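Results of the structural survey
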Amino acid sequence: MNKQANDDDAFDLDLEETLMDALEEDSHREESKPPKANPQNVYILPINRRPFFPGMAAPIVIEPGPYYEVLKVVAKSKFKYIGLLLTREEDADITKCSLKDLYTVGVLARILRIIPMDQGGAQVVLSMEKRLTINQLLKNNKHLQASITCHEDHSKISEELKAYSISIISTIKELLKLNPLFKEELQIFLGHSDFTEPGKLADFAVALTTATREELQDVLETFDVQLRIDRSLSLLKKELDLSKLQNSINQKIESTISKSQKEFFLREQLKTIKKELGIEKDEKTCDVEKFEARLKKREVPEEVLKTIQEEMEKLQSLEVMSAEYSVCRNYLDWLTVIPWGMHSDTGYAIESAEKILAEDHYGLDDIKQRILEFIGIGKLTGNIKGSIICLVGPPGVGKTSIGKSVARALGRQFYRFSVGGMRDEAEIKGHRRTYIGAMPGKLIQALKYTQTMNPVIMLDEVDKIGSSYHGDPASALLEVLDPEQNKEFLDHYLDVRCDLSNILFIITANVLDSIPEPLKDRMEILRLSGYILEDKLQIAKKYLIPRQRKLMGLKADRVQFTKEAMISMINGYAREAGVRGLENQIKKVLRKIALKIARQQEDLEPKKTKRTTKKKEEKTEDVKETFRITPATLTEYLGKPIFTSDRYYEVTPVGVATGLAWTSMGGATLYIEAIKVHSEKNGMKLTGQAGDVMKESSEIAWSYLHSALFKYAPGHTFFDRCQVHIHIPEGATPKDGPSAGITMVTSLLSLLTDTAILPDLGMTGELTLTGRVLPIGGVKEKVIAAKRAGLKTLIFPKENVRDYDELPSYIRKGLKVHFVDHYDEVFPIAFPQT
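Residues numbered from 1 in each chain as written. Predicted model: local features only at pLDDT ≥ 70, side-chain atom pairs only at ≥ 80, totals over all residues. Heavy atoms only, no water.

1. Describing the overall build of the protein chain
Each helix and strand in the protein chain was counted, giving 29 helices and 24 strands. For the protein chain, buried positions account for 45% of its 834 residues. Sequence separation of at least 24 residues holds for 75% of the intrachain contacts in the protein chain that already meet a minimum separation of 6. Split by element, the accessible area of the protein chain, about 44600 Å² in all, is 51% carbon and sulfur. (Helix = DSSP H or I, 4+ residues; strand = E, 2+ residues; numbered from the N terminus. Buried < 20%, exposed > 50% of the residue type's maximum accessible area, 1.4 Å probe, protein only. Contact = heavy atoms within 4.5 Å. Areas by Shrake-Rupley, 256 points an atom, 1.4 Å probe, with all protein chains shown as cover.)

Set out below in structure tokens:
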């Protein structure tokens with residue numbers, strides 16, 4: 001390093017002496033060389049990168065084209081002069097430039113050497129002689145040619161110019177220390193130029209910089225030497241500052257890299273020393289030992305063990321740093337982490353399971369009974385293979401929590417993942433290992449997470465599963481949920497058979513319509529209907545209020561909900577089938593109470609000093625306000641009720657009948673309204689966003705009533721010269737289904753006979769053209785909706801007796817239900833006065 005520094009200092013000293021000697025020479029000395037010619041007319045060659053300066057020698061490449069022809073002409077001339085002018089736009093096409101696209105000041109260059117190129121064109125070495133100014137374009141020439149005026153530098157070396165020159169030399173010396181690349185340029189310049197004129201020094205100095213083309217052109221157009229050298233020094237100083245900043249950045253980076261390299265080498269040396277001493281093993285040995293240790297704890301099938309051994313041999317032959325090693329290691333990691341032969345100790349204690357289900361859920365007796373049957377079978381057979389339960393019901397009725405309770409009752413691990421919106425079958429069956437970032441499917445991931453081959457796996461929102469060009473996940477689930485196929489399930493990533501038959505699958509869905517039939521066929525469907533008022537009261541009392549009170553740090557004696565307040569909350573703010581909305585309303589009340597209590601405590605805390613006394617603490621304990629939630633105070637916390645009533649009419653008018661409907665959110669009441677207006681032609685129209693099936697039901701009702709008019713309305717004509725309009729309120733909500741058939745006939749009969757229907761009557765049933773009443777679905781949901789709406793008398797199809805009898809007694813309580821087989825039986829119930 002010292003030798004290098006001495007060489008640099010010697011070069012700097014020689015440079016300074018050379019430059020200073022040149023500046024000290026007499027600027028008016030006689031030139032020994034003959035004067036060069038000043039041409040009047042020259043060919044113009046546009047350039048678009050940076051302008052050249054007099055005193056420089058530079059090579060340029062001329063490609064085949066019009067300027068190559070110009071080069072040939074100039075090369076044959078006596079003095080071989082050509083004008084170089086900078087384009088005004090940097091991205092200008094030089095082959096299409098005119099004089100107006102070029103700056104008017106450039107340099108006069110002399111061709112020193114032409115080197116032809118193999119691919120055409122030539123490389124030309126030019127010597128920049130002097131500045132030129134364009135006078136005018138010469139016409140009658142297909143190439144750019146103009147008359148010019150050449151400019152020489154004529155200025156005496158004053159003391160001020162000498163000072164400028166010394167400043168430039170000093171700045172160049174500093175640049176040389178920071179950027180060695182300038183040293184080569186300086187040596188070339190010294191070989192071709194002298195410094196008898198400060199103008200040349202200024203031109204050379206500015207050519208060293210990385211200034212913009214516009215700044216360089218500005219210097220080129222400056223004919224006054226003193227002004228030019230001033231501008232050159234300014235640009236040179238800016239270049240020096242930039243070089244200093246660049247050098248500082250480089251030093252920081254080099255120090256960081258040097259430190260990292262040093263740490264790497266030391267770490268490698270330490271690793272080698274530990275390996276030699278037997279203290280530490282290399283990465284490959286650690287991986288192999290880890291995989292072998294896992295295999296000792298597992299009962300791996302023979303085919304899988306064969307694959308693992310082949311991969312282990314392959315791993316031993318690979319370099320740790322290779323990409324293939326990482327792929328092979330990850331594959332082995334998954335193969336050995338799966339709990340082959342490991343099973344949870346399943347408990348089949350029926351009493352314990354019954355107690356757990358009762359602790360976690362209120363009601364749902366039919367669901368609990370079915371789960372206990374599963375456990376009873378498991379107690380007798382020792383396993384519950386091939387069990388796939390599908391829980392169907394509206395949101396918030398407890399489908400997901402039932403799955404957790406089943407796992408807890410059985411003493412098994414629980415894993416849940418949602419398939420809602422899933423569009424790629426690889427999420428189920430895994431990606432092939434050829435892809436970057438490939439992974440096994442969700443089922444293999446579930447086995448890794450639970451570390452048992454018999455967990456309870458819940459597939460949530462199966463009715464919302466999607467499909468795309470990546471594949472159909474619903475079709476991939478067919479293999480997973482088929483007890484005859486899933487014992488040899490093949491994941492694309494593992495590529496070995498895996499037994500999933502010991503897994504208890506629990507599927508959840510809101511509706512069954514969107515589930516493919518083959519998939520539905522593999523599942524045992526259990527329906528969870530919505531909760532009625534009594535259910536919600538008990539759930540809120542036993543589960544929701546205590547849980548939320550604990551989460552918010554509130555004590556039971558500080559917050560009390562009256563039964564009347566809960567009834568008002570359920571009817572006015574949370575009328576959905578589930579209890580999620582009810583829980584949100586309870587949270588809202590408790591949050592407001594928690595804020596009030598927190599503010600009270602903050603007011604009682606001492607503000608001036610941190611020290612507290614026992615008296616103050618006792619005072620704080622004594623000030624306890626009990627918050628009692630009543631119907632009167634409920635609006636203070638929740639605002640005005642969202643729902644007022646499910647019923648549009650307290651007294652049902654003529655032409656209106658109340659039907660019962662099933663939706664994905666539970667049951668609901670459905671009003672059928674009918675009016676008639678005078679018209680030349682009789683007819684019927686239906687509004688209220690009714691679907692195709694409901695439109696057909698209205699046409700069947702119209703035709704049936706027309707055909708059986710003599711039975712139900714003797715002496716009446718069938719809407720003679722009347723247009724009948726049937727409407728189903730809440731027009732923004734789509735509606736469909738056949739179960740409104742008898743309701744539509746009843747509404748039309750009421751309109752025709754001008755007789756109101758029996759108060760508090762609700763009905764549902766599909767009607768045929770002959771008057772038969774066919775069975776419907778969603779009996780429990782419809783009964784719950786009827787109770788919520790305050791209906792007392794219900795009409796159901798006769799074939800739904802079995803569904804009604806299965807309902808709990810507290811749901812059936814207070815209802816008078818008629819089961820009918822034909823509309824003849826509906827008529828006397830709906831119109832008892834006739």
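2. Regarding helix 9 (residues 302-317)
For helix 9, spanning 16 residues, the distance from its first C-alpha to its last is 23 Å, which sits close to the expected 22 Å at 1.5 Å a residue. The inward-facing, buried residues of helix 9 abut helix 8 (283-296), helix 10 (323-337) and strand 11 (497-498). (Expected span 1.5 Å × (residues − 1).)

3. Side note on a negative patch on the surface
Together, Asp-692, Glu-696, Glu-699 and Asp-736 make up a region of like negative charge exposed at the surface. Note that Asp-692 resides in helix 23 (residues 692-707). (Patch = residues over 30% accessible without salt bridge, like charges linked within 9 Å, V, L, I, M, F, W, Y side chains within 5 Å. Salt bridge = Lys/Arg side-chain N within 4 Å of Asp/Glu carboxyl O. Lys, Arg positive; Asp, Glu negative; His and termini not counted. Charge placed at Lys NZ, Arg CZ, Asp CG, Glu CD.)

4. Here we look at a nonpolar patch on the surface
There is a patch of nonpolar side chains on the surface, built from Leu-242, Leu-245, Ile-249, Ile-253 and Ile-257 and spanning about 450 Å² of accessible area. One can find Leu-245 in helix 7 (residues 225-277).

5. Let's talk about the sheet that holds strand 12 (residues 504-509)
Spatially, the five strands line up as an open sheet ordered 8-9-12-7-13, and their pairing is parallel. Two strands bound the open sheet, and with one partner strand each, they are strand 8 (414-418) and strand 13 (524-527). The average undirected angle you get between the axes of adjacent strands in this sheet is 20°. Relative to strand 12, strand 9 (residues 456-460) runs parallel, the two sharing four bridges. Looking across to strand 12, one finds that Met-458 is bridged to Ile-506. Relative to strand 9, helix 13 (residues 399-410) is tilted by about 175°, and along the sheet it contacts strand 7 (388-392), strand 8, strand 9 and strand 12. (Pairing = 2+ DSSP bridges. Axes fitted to C-alpha atoms, helices over the stretch in contact; angles between N-to-C directions.)

6. Some points on the nonpolar core
Of all hydrophobic cores here, the largest spans 55 residues; its most connected members are Phe-417, Leu-443, Leu-477, Leu-481, Phe-505 and Ile-507. When residues of this core are assigned to their parent elements, the largest contribution, seven residues, is made by helix 10. Look past the residues within four positions of Leu-443 in its chain and what remains in contact with it is Phe-417, Ile-428, Ile-457, Val-480, Phe-489, Leu-500 and Phe-505. Among the nonpolar cores identified, the runner-up in size contains 54 residues, and Ala-353, Leu-504, Ala-565 and Ile-586 belong to it. (Core = buried A, V, L, I, M, F, W, Y, C linked by side-chain atoms within 4.5 Å.)

7. Describing the confidence of the model for the protein chain
Per-chain confidence: the protein chain averages 82 in pLDDT, with 88% of residues scoring 70 or above. Within the model, pLDDT remains below 50 along residues 1-35, and this stretch shows 34 contacts once partners closer than five positions in the same chain are excluded. Every residue in residues 608-622 is under pLDDT 50, and counting partners more than four places away or in other chains gives five contacts. (pLDDT = per-residue confidence, 0-100.)

8. Focus on the packing of helix 11 (residues 350-360) against helix 13
Packed helices, taken two at a time, are described by the angle their axes make and the gap between the axes. The contact between helix 11 and helix 13 brings their axes to 9 Å, and the two run at 150°. One element, helix 11, and the other, helix 13, form an angle in the roughly antiparallel class. For the crossing formed where helix 11 meets helix 13, the hand is right-handed. Contacts from Ala-353, Ile-356, Leu-357, Glu-359 and Asp-360 of helix 11 reach helix 13 at Ser-405, Arg-408 and Ala-409. Each residue belonging to the contact of helix 11 with helix 13 can be placed in one class, and the counts come to four nonpolar, one polar and three charged. (Parallel < 35°, antiparallel > 145°, perpendicular 65-115°, else oblique. Left-handed = near helix turned anticlockwise from the far one by under 90°. Nonpolar A, V, L, I, M, F, W, Y, C, P; charged D, E, K, R; others polar.)

9. Some points on the packing of aromatic side chains
One pass over the full model with this rule turns up 14 aromatic pairs. Summarising the aromatic geometry, the rings of Trp-702 and Phe-719 are spaced 5.7 Å apart at their centres and angled 10° between planes, so their arrangement reads as stacked. Highlighted residues: Trp-702 in helix 23 and Phe-719 in the loop between helix 24 (709-712) and strand 19 (722-727), separated in sequence by 17 residues. A relative accessible area of 14% means that Trp-702 is categorised as buried. Taking 5.4 Å as the distance between ring centres and 40° as the angle between the ring planes, the aromatic pair formed by Phe-827 and Phe-831 counts as tilted. The residues Phe-827 and Phe-831 share a single accessibility class, namely buried. An aromatic cluster is defined as three or more aromatic residues linked by ring pairs; in this entry it consists of Tyr-704, Tyr-712, Tyr-823, Phe-827 and Phe-831. When the ring centre of Phe-374 is taken as origin, the NZ or CZ atom of Arg-370, which lies over that ring, is 4.3 Å away. Note that Arg-433 overlies the ring of Tyr-331, its terminal NZ or CZ placed 3.8 Å from the centroid. (Phe/Tyr/Trp six-rings, centres within 6.5 Å; stacked < 30°, edge-to-face > 60°. Lys NZ or Arg CZ within 6 Å of the ring centre and 35° of its normal.)

10. Brief notes about the environment of Thr-663
Examined against the element boundaries, Thr-663 turns out to sit in strand 16 (residues 656-663). Taking C-alpha positions, Thr-663 is 8.8 Å from Val-511, a pair spaced 152 residues apart along the chain.

11. Some words on the side chain of Thr-658
By secondary structure assignment, the location of Thr-658 is in strand 16. Among all residues touching Thr-658, those that are not within four sequence positions of it are Thr-669, Leu-670, Tyr-671, Thr-743, Leu-761, Gly-762, Met-763 and Leu-791.

12. A closer look at helix 12 (residues 365-381)
Taking 1.5 Å of rise per residue, the 17 residues of helix 12 would be expected to cover 24 Å, and the 24 Å separating its terminal C-alpha atoms lies within 8% of that figure. Those residues of helix 12 lying buried are Ile-367, Lys-368, Arg-370, Ile-371, Leu-372, Phe-374, Ile-375, Gly-376 and Gly-378. Lining the buried residues of helix 12 we find helix 11, strand 7, helix 13 and strand 13. Phi turns positive, to about 90°, at Gly-382, one or two residues after helix 12.

13. Section: the pattern of salt bridges
With the rule as written, the count across this model stands at 28 salt bridges. We note a salt bridge from Glu-214 to Arg-213, for which the minimum N-O separation is 3.6 Å. Given the relative accessible area of 43%, Glu-214 is considered partly exposed. The shortest N-O distance in the salt bridge between Glu-479 and Lys-429 comes to 2.8 Å. Taken together, the positions of Glu-479 in helix 16 (residues 473-480) and Lys-429 in helix 14 (residues 426-429) put the pair 50 residues apart, joining distant regions of the chain. Each member of the pair Glu-479 and Lys-429 is classed as buried. Residues participating in the shared-partner salt-bridge network are Arg-131, Asp-203 and Arg-228.

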